[in-house]
Amino acid sequence: HVTHSAGALNVTGTLDLQGGTASFAHSAGLGTFGALGPTALSGTIKNGHVDGAGVSFASTNGHFDGITLDGSLTDSSGTLNIDNTLTLADAVTLSMGVNQLRFHTVGASIVTATPGVTHSTVQMGGNTVYNDAGGTATIGQGVTFQGWGSITSCCVAGGAITNAGTIDATSA
């Protein structure tokens, strides 16, 4: 637990949750990162659960690696990298706005907790979703990419993106 009552808190390096939960809540005593929650993610949070608690943070090339997102979360700026798997709990929304979302490891995926039963959303607002790792990335069953933007391969090692979910393209 971190005490954070003023200023900015940037998560750098690697935070291995070892199966535990990190709460981004902005509430004294409730959030893992103190009353103001994390301001930015430029490192990696891996191997556990993140409760987005409906808050906003800036991902400055940050990484989620083997994470289950238990509460909705908004990336207010930057690039969020998905290493291995990001699992979205039922009815969770990951809002990306105009920011990049990258499948960053070969075979990376965004899935729901119970494919075919639960439904969650990645909200796009003109952003780009990339596979920059090569291989095939996956949008899993029950995941809806909603909004507008592009879904494509990128960079030297760019690969394919398989869609088993829903793409709901709405205009700007």
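This report concerns the structure included in the present document. Source: prediction; values computed, not measured. Within any chain, residue numbers begin from 1 and follow the written order of that chain's sequence. In view of the model being predicted, local features appear only for residues whose pLDDT reaches at least 70, and side-chain atom pairs are presented and counted only at 80 or more, with totals across whole chains, interfaces and linings using the full set of residues. Excluding hydrogens and water, the side-chain figures rest on all heavy atoms present in the structure.

Right, let's talk about the overall build of the chain for a bit. A run of DSSP states H or I qualifies as a helix once it reaches four residues; a run of E qualifies as a strand once it reaches two. Both are numbered from the N-terminal end. Secondary structure assignment for the chain yields zero helices and 13 strands. Taken from the N to the C terminus, the helices and strands of the chain come in the order β-β-β-β-β-β-β-β-β-β-β-β-β. Relative accessible area decides the class of each residue, using a 1.4 Å probe on protein chains only: under 20% of the type maximum gives buried, over 50% gives exposed, and in between gives partly exposed. Expressed as a percentage of its 172 residues, the buried residues of the chain come to 47%. Sequence-distant contacts, at least 24 apart, represent 48% of the contacts inside the chain between residues at least 6 apart. The accessible surface values rely on the Shrake-Rupley method and a 1.4 Å probe; as for residues, cover is taken only from the protein chains in view. Accessible area for the chain stands at about 7,100 Å²; split by element, carbon and sulfur atoms hold 51% of it. Working rule for contacts: check all heavy atoms of both residues, and any pair within 4.5 Å makes them a contact.

Looking now at the nonpolar core. Each nonpolar core is a collection of buried residues, namely Ala, Val, Leu, Ile, Met, Phe, Trp, Tyr and Cys, held together in the definition by side-chain atoms within 4.5 Å. Ile45, Phe64, Leu86, Leu101, Ile110 and Phe145 are the most contacted members of the largest nonpolar core, which has 32 residues in total. For this core, the secondary structure elements donating two or more residues are β5 (44–88), β6 (93–97), β7 (100–103), β9 (120–131), β10 (136–139) and β11 (143–153). Per-element accounting of this core gives the leading share, 12 residues, to β5. Excluding anything up to four places from it in sequence, Ile110 contacts Ile82, Leu86, Leu88, Leu101, Phe103, Val122, Thr138, Ile139, Gly140, Val143 and Phe145.

Looking now at the side chain of Thr128. Mapped onto the elements of the fold, Thr128 is located in strand β9. In contact with Thr128, not counting residues within four places along its chain, are Asn99, Gln100, Leu101, Ser150 and Thr152.

Below, the discussion takes up the environment of Gln146. With respect to the helices, strands and loops of the structure, Gln146 is situated in strand β11. Sequence-wise, Gln146 and Asp168 are 22 residues apart; in three dimensions their C-alpha atoms are separated by 4.7 Å. Each residue touching Gln146, except ones within four places of it in the same chain, is listed here: Thr121, Val122, Gln123, Met124 and Asp168. Within polar-contact distance, the side chain of Gln146 engages the side chain of Asp168 at 3.1 Å. Polar contact criterion, stated in full: a pair of N or O atoms within 3.5 Å, where within protein one must be able to donate a hydrogen and the other to accept it, and residues adjacent in sequence count only if both atoms are side-chain atoms.

Glancing now at the pattern of salt bridges. We count a salt bridge whenever a side-chain nitrogen from Lys or Arg sits within 4 Å of a carboxyl oxygen from Asp or Glu. Scanning all chains against the criterion turns up one salt bridge. One salt bridge connects Arg102 with Asp132, and the closest N-O pair in it is separated by 3.2 Å. Here Arg102, found in strand β7, pairs with Asp132, found in the loop between β9 and β10; they are 30 residues apart in sequence, far enough to count as distant. In this pair, the class of Arg102 matches that of Asp132, namely buried.

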